[in-house]
Amino acid sequence: MRPYIKNLCISGYKRFKDFSIKFQPELNILIGENSVGKSTILEAINIVLNQFYFGENNEGFQQQLNMDNVQQFKNLSSPRIEDLPSIKIEIELSLDDQPINQKFCGLNYDLLPKSKANEMKYGIQFVFEFDKEYEPDFNEIDFSMKENHAIPIEYYNATWTTFAGRTYHRIMNPLSSILIDSSINTRDIYGNYARTLYNTALEENDRRKVSFVFTDALRQALSMQNEVLDLGDNRNFAVDEQKSKLKNLIEIRENGISLRNMGKGEENILKTSLSLNRRSNLGLIMIEEPENHLSYSNTRKQIDKIQSENDNGKQIIVTTHESMILNRLNLSKAIWIKSTEGQSLGDLPKEDVQYFERVDDFDILRYVLGNKIILVEGASEFILLPSIIKRVLGRSADDRGINIISTRGIRYRHFKELADIVHKRTLILTDNDGMQEKIDEISKIDSKNFKVFTPQSIDAFTLEVDIYQNNIELCEKIIGKMTAGILRSTHYKDHDRLPLVLAAMLARKTEFALKLSDVIEKGEKFNTPSYVEEGLKWLDS
């Protein structure tokens, strides 16, 4: 069994006061608003597994503490050591029960839920808190003075322990993990990536052989230049053996070009490809926004690479703001990051998942992350609804938290289960196409979060017909200006003998919608179709 992360719990780290998330063994796609904490989750995993960032020098670490906890401490008149903010992160691992893994198994965890008393779990705990060895120093601080309410971060200590209570070092990492983030260029990102891949792609014995050959060749090259490097008095120039170790000099090249000299897009694709390769022996690959610096076509290539390598037994955790990535990689693998938990979309029916994969240009993230949603079929509804919403509800769509999304022919039934899973109030405004069976089918839909509204008469086969029937004089006025009064056709598609004005409205839907929207905005009398008004009031209730 390949090891993987089962659960992650975070307390007091950055924006997360208390947070928990459950992961799937293979692909996980983290989605959410900007600054919701997707990157923080990857950081937290990196901190625990690879002992990233936290070291002996605590300067600057106060910004890693949860600001609510910091402010709560500062508001106390007589704070105690127990009141100081701290960070605790726990990772539960899925490991088999072989003897080598028993060092991770035990009861040394606090944040993870217990289904029973003394439930043994495999995992690692990270804690960043005040070191109680310095309790006398803390007790000497006069907190009656406001300026003394600063967090004494210099007295904090970072510890890593397994759930068995043993001290953890990153060399023990059972997952061999890596974080790919092409949006940053700090802390020797190229060198760190190359070293991590080097250490996992080559067996230890092979690394020793290569290192010996390199070191021996370096010594021989220098020995041939003894006279040049001699300083006299038994002194000479030499190479720092620590700095010249092969692992500190290693880099990655493709066709002779160094990774650091590639464009950001090519770098992103190459890093992902190398990490996903079977030979890398990585157990966990974390990818921060794989769409970064990529064109549309290269983003599709990136998606194809992740898809094709997803069966290599590696656990992959991806963050994204790109709907195409979410649709193509599998909507059911998404985890919606909220303030206290990650909500899985894993219960989405397979039929719906496959459907959205085929229509990968639909902005599914706008739907999932929106507040209240209206899905419309055509341009006319999309143009008119902002004005109608303001007329019916008294405030703009933005003020009411309403997102209007054009489905461009996407079948609305595929949103029903999704709406219930993400608890998203979703209004569908659709034509009945002059079909009584469609009206009857819509009337049978019963869902708390998902409602479909359509004209109840087959004569009002589309929105424009309903608008015309309720606003004849207004429509005649708008069409008259649009056509200079020249109207000839009474035909539209399969419909004959239509009123001349209505036929012109249907033939020039978009232009008419723009003109009508302006009229509604100006406050002229307009009778909203009853099914639209009823739907909006349900959505806003």
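Going by the structure above, here's the rest.
The rules behind the values
Residues numbered from 1 in each chain as written. Predicted model: local features only at pLDDT ≥ 70, side-chain atom pairs only at ≥ 80, totals over all residues. Heavy atoms only, no water. Buried < 20%, exposed > 50% of the residue type's maximum accessible area, 1.4 Å probe, protein only. Helix = DSSP H or I, 4+ residues; strand = E, 2+ residues; numbered from the N terminus. Pairing = 2+ DSSP bridges. Axes fitted to C-alpha atoms, helices over the stretch in contact; angles between N-to-C directions. Contact = heavy atoms within 4.5 Å. Parallel < 35°, antiparallel > 145°, perpendicular 65-115°, else oblique. Left-handed = near helix turned anticlockwise from the far one by under 90°. Nonpolar A, V, L, I, M, F, W, Y, C, P; charged D, E, K, R; others polar. Polar contact = N/O pair within 3.5 Å; in protein donor to acceptor, adjacent residues only side chain to side chain.

Chemist: Before we move on, could you go through the pairing of strand β13 (residues 284-288) and cite the residues and values that matter?
Modeler: In terms of burial, β13 is a largely internal element, 5 of the 5 residues being buried. In β13, alternate side chains face the same way, and those of L284, M286 and E288 on one face and I285 and I287 on the other are all buried. Of the strand pairs in this sheet, strand β8 (residues 177-181) and β13 are connected by 5 bridges, and their pairing is parallel. Bridged to I178 within β13 is I285. Two strands pair when backbone bridges link them, and β13 and strand β14 (residues 315-319) are joined in this way by 5 bridges, in the parallel orientation. Counted as the bridge partner of L284 is Q315 from β14.

Chemist: Describe in detail the sheet that holds strand β18 (residues 402-406), supporting the description with residues and values.
Modeler: Strand order across the open sheet formed by 4 strands is β18-β17-β19-β20, with parallel pairing between neighbours. Two strands bound the open sheet, and with one partner strand each, they are β18 and β20 (450-453). Strand-to-strand twist of the sheet, defined as the mean angle between neighbouring strand axes without regard to direction, takes the value 20 degrees. In terms of strand pairing, strand β17 (residues 372-376) meets strand β19 (residues 426-429) through 4 bridges, oriented parallel. Bridge pairing in β19 places V376 opposite L429. Sheet strands in contact with helix α13 (residues 379-393) are β17, β18 and β19, and its direction is about 155 degrees off that of β18.

Chemist: How would you explain the packing of helix α17 (residues 472-483) against helix α19 (residues 509-521) if you had to name every residue and give the values?
Modeler: At their nearest, the axes of α17 and α19 sit 10 Å apart, and the two run at 120 degrees to each other. Relative to α19, the element α17 lies oblique. Between α17 and α19 lies a crossing of right-handed hand. Counted together, L474, C475, I478, I479 and M482 of α17 and E511, F512, K515, L516 and V519 of α19 form the full contact between these two elements. Residues that form the contact of α17 with α19 fall into these classes: 8 nonpolar, no polar and 2 charged.

Chemist: Would you mind going over unusual backbone geometry in detail, with residue names and values included?
Modeler: For Q51, which is not glycine, the phi dihedral falls at a positive 50 degrees. In this fold, Q51 is placed in the loop between α1 (38-50) and α2 (67-74). The phi angle at R497 is positive, at roughly 55 degrees, despite the residue not being glycine. Mapping R497 onto the fold places it in the loop between α17 and α18 (500-507).

Chemist: I'd like a description of the side chain of Q64, backed by residues and values.
Modeler: As for its position among the elements, Q64 is in the loop between α1 and α2. We classify Q64 as buried; its relative accessible area is 5%. Of note is the side chain of Q64, whose polar atom sits 3.5 Å from the side chain of Y13.

Chemist: Explain the packing of α17 against α18 residue by residue, including any values.
Modeler: It is at 10 Å that the axes of α17 and α18 come closest, and there the two elements cross at 65 degrees. For the element pair α17 and α18, the recorded crossing hand is left-handed. Together, C475, E476 and I479 of α17 and V501, A504 and M505 of α18 make up the contact between the two elements.

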